Amino acid sequence: PVVESVQRELAAAGYYKGIVDGVIGRKTKQAIAAYQAAVGLVADGKPSQDLAEHIRFTREVSEASLFTGTIDPDPQAEVRASVRRVQTGLAELA
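The text that follows walks through the structure, step by step, so that each part is easy to find.

Definitions and limits used
Residues numbered from 1 in each chain as written. Predicted model: local features only at pLDDT ≥ 70, side-chain atom pairs only at ≥ 80, totals over all residues. Heavy atoms only, no water. Helix = DSSP H or I, 4+ residues; strand = E, 2+ residues; numbered from the N terminus. Buried < 20%, exposed > 50% of the residue type's maximum accessible area, 1.4 Å probe, protein only. Contact = heavy atoms within 4.5 Å. Areas by Shrake-Rupley, 256 points an atom, 1.4 Å probe, with all protein chains shown as cover. Salt bridge = Lys/Arg side-chain N within 4 Å of Asp/Glu carboxyl O. Patch = residues over 30% accessible without salt bridge, like charges linked within 9 Å, V, L, I, M, F, W, Y side chains within 5 Å. Phe/Tyr/Trp six-rings, centres within 6.5 Å; stacked < 30°, edge-to-face > 60°.

**Considering the overall build of the protein**
Scanning the protein from N- to C-terminus turns up four helices and zero strands. Mapped in sequence order, the helices and strands of the protein form the string α-α-α-α. A buried classification covers 27% of the 94 residues belonging to the protein. Summarising the internal contacts of the protein: among those between residues at least 6 apart in sequence, 40% fall at separations of at least 24. Accessible surface computed for the protein: about 6100 Å², of which carbon and sulfur atoms make up 58%.

Next comes the structure, spelled out in structure tokens:
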């Protein structure tokens, strides 16, 4: 259940493009490491419930800020999103 939860959250955040199957394979480990590196965590590629919650919370806060307008838009958001897509693609290629 933990791996499936992490996969689901990574997919929602745009880091994981594989099947949400609960199996910790190469693509899952690479997506975890890419996310961890992007947000300043130790990129060990290991799934955990804390990681799933971190991804969910970060994504929800980011999405909520777009609707409320209470947080100024991040001037680097577009650059970070591009970097994240490149990192995910590279991670998938190993």
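**Digging into the pattern of salt bridges**
Within this structure, the stated rule accounts for three salt bridges. Residue Glu-4 is joined to Arg-8 by a salt bridge in which the shortest nitrogen-to-oxygen separation is 2.8 Å. With a gap of four residues between them, Glu-4 and Arg-8 both fall in helix H1 (residues 2-12), about one helical turn apart. Taking relative accessible area as the criterion, Glu-4 reaches 30% and is therefore assigned partly exposed. One salt bridge in this structure joins Arg-56 and Glu-60, with 3.1 Å as the shortest N-O distance. On the criterion of helical spacing, the pair formed by Arg-56 and Glu-60 is a turn pair, its members being four residues apart in helix H3 (residues 49-68). Classification of Arg-56 by relative accessible area gives partly exposed; the value is 32%.

**Examining H1**
For the α-helix, the turn length of 3.6 residues means that residues three or four positions removed from each other point alike. Three or more residues of H1 are buried, namely Val-3, Ser-5, Val-6, Gln-7, Glu-9 and Leu-10. Phi turns positive one or two residues past the end of H1, at Gly-14, with a value near 90 degrees.

**Some thoughts on the side chain of Ser-5**
Here Ser-5 is to be found in helix H1. Classification of Ser-5 as buried rests on a relative accessible area of 18%. If we ignore the near neighbours within four places in the chain, the residues touching Ser-5 are Gln-49 and Ala-52.

**Describing a nonpolar patch on the surface**
A surface patch of nonpolar side chains, about 340 Å² in accessible area, is lined by Val-86, Leu-90 and Leu-93. Looking at the secondary structure, you find Leu-90 in helix H4 (residues 77-93). Given the relative accessible area of 54%, Leu-90 is considered exposed.

**Regarding the packing of aromatic side chains**
The full count for this structure, using the stated rule, is one aromatic pair. Considering the side-chain rings of Tyr-15 and Tyr-35, the 5.3 Å spacing of their centres and the 90 degrees angle between planes classify their relative orientation as edge-to-face. Residue Tyr-15 is located in the loop between H1 and helix H2 (26-38), and its partner Tyr-35 is located in helix H2; the two are separated by 20 residues in the primary sequence. Across this residue pair, the class does not change: Tyr-15 and Tyr-35 are buried.

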